[in-house]
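Listed below, chain by chain, are the residues.
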Amino acid sequence: LLQYLSAPSTAMTKEEYEKLEKVVKEHVQIEAEMVKFIKKLLSEGKLDIRVEYLLRYILEDDLRHHALLKGLLEAIVNREVITEDQ
């Protein structure tokens, strides 16, 4: 990371943007399916309390990560520069 942050950043090519967009879109879709699946498991209410705890933790983490990826995808699609503050 230090090496990456100390070097000057370069602009991405159109092909790199397209590849990145595809990968992030796929990940957003997979995560959406995972969130739906976990919510379904939790709604059935037949889980051991330890399993339920773990699934709730994973769900909360996936929801935060999903929101982050959707914001990143929007920036990629709009070709926005993401600053350090963002």
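The model shown is predicted, which means the values in this text are computed figures rather than measured ones. In every chain, residue numbers begin from 1 and rise along the written sequence. It should be noted that, the model being predicted, local features are given only for residues of pLDDT at least 70 and side-chain atom pairs only at 80 or more, the latter also being counted only at that level, while totals for whole chains, interfaces and linings use all residues. Side-chain metrics rest on all non-hydrogen atoms present in the structure, leaving aside hydrogens and water.

Caption draft 1: Layout of the nonpolar core. To qualify as a nonpolar core, a set must consist of buried Ala, Val, Leu, Ile, Met, Phe, Trp, Tyr and Cys residues joined through side-chain atoms within 4.5 Å. For every residue, the accessible area obtained with a 1.4 Å probe (protein chains only) is divided by the maximum for its type, and the residue is called buried under 20%, exposed over 50%, and partly exposed between those limits. The biggest cluster of nonpolar side chains holds six residues, and these are Y17, V24, V28, L69, L73 and I76. Mapped by element, the contributors of at least two residues to this core are helix 2 (14–44) and helix 3 (49–77). In what follows, residue pairs with any heavy atoms lying within 4.5 Å of each other are defined as contacts. In this structure L73 touches E21, V24 and K25, once residues within four positions along its chain are discounted. One finds V35, L42, L55 and L59 within the second-largest nonpolar core, a separate group that totals five residues. Secondary structure elements are defined from DSSP: runs of H or I of at least 4 residues count as helices, runs of E of at least 2 residues count as strands, and each element is numbered from the N terminus.

Caption draft 2: Here's a closer look at helix 3. To estimate how far a helix should reach, multiply one less than its number of residues by 1.5 Å. Between the first and last C-alpha of helix 3 there are 41 Å, a value that for 29 residues agrees with the 42 Å anticipated at 1.5 Å per step. Of the residues making up helix 3, those classed as buried are L55, L59, D62, H66, L69, L73, A75 and I76. Those residues of helix 3 that are buried lie in contact with helix 2. As used in this structure description, the phrase polar contact means that two N or O atoms lie within 3.5 Å; if the pair is within protein, one of them must be able to donate a hydrogen and the other to accept it, and residues adjacent in sequence are counted only when both atoms belong to side chains. Two or three places before R50, at the opening of helix 3, D48 has a side-chain oxygen 2.7 Å from that residue's backbone nitrogen. Of the residues one or two after helix 3, R79 is the one with positive phi, at around 55°.

Caption draft 3: Expanded view of the side chain of E21. Relative to the elements of secondary structure, E21 occurs in helix 2. Apart from the residues lying within four places of it in its own chain, the contact partners of E21 are L73, I76, V77 and R79.

Caption draft 4: Broad picture of helix 2. Its 31 residues give helix 2 an end-to-end C-alpha distance of 45 Å, which sits within 8% of 45 Å, the value for a rise of 1.5 Å per residue. Looking only at helix 2, the buried set comprises Y17, E21, V24, V28, E31, V35, I38 and L42. Downstream of helix 2 by a residue or two, G45 has a phi angle that is positive, lying close to 65°.

Caption draft 5: Here's a closer look at the packing of helix 2 against helix 3. Axis lines are fitted to C-alpha atoms, over the contacting stretch for helices. Their N-to-C directions set the angle, which ranges from 0 to 180 degrees. Across the interface, helix 2 lies against helix 3 with an axial gap of 9 Å and an inter-helix angle of 155°. Between helix 2 and helix 3, the interaxial angle falls into the category roughly antiparallel. Regarding helix 2 and helix 3, the two cross each other, and that crossing is left-handed. Residue type decides the class: Asp, Glu, Lys and Arg count as charged, Ala, Val, Leu, Ile, Met, Phe, Trp, Tyr, Cys and Pro as nonpolar, and the leftover types, Gly among them, as polar. Residues belonging to the contact of helix 2 with helix 3 are distributed by class as follows: 19 nonpolar, three polar and eight charged. Small angles under 35 degrees read as roughly parallel and large ones over 145 as roughly antiparallel, with 65 to 115 read as roughly perpendicular and the rest as oblique. Should the near helix be turned anticlockwise from the far one by less than a right angle, the crossing is left-handed, and should it be turned clockwise, the crossing is right-handed.

Caption draft 6: Examining the pattern of salt bridges more closely. Each salt bridge in this description consists of a side-chain nitrogen of Lys or Arg and a carboxyl oxygen of Asp or Glu lying within 4 Å of one another. Counting across every chain of the model gives six salt bridges. With its nearest N and O atoms 2.9 Å apart, the salt bridge here joins R50 to D48. On the accessibility criterion, R50 (64% relative accessible area) is exposed.

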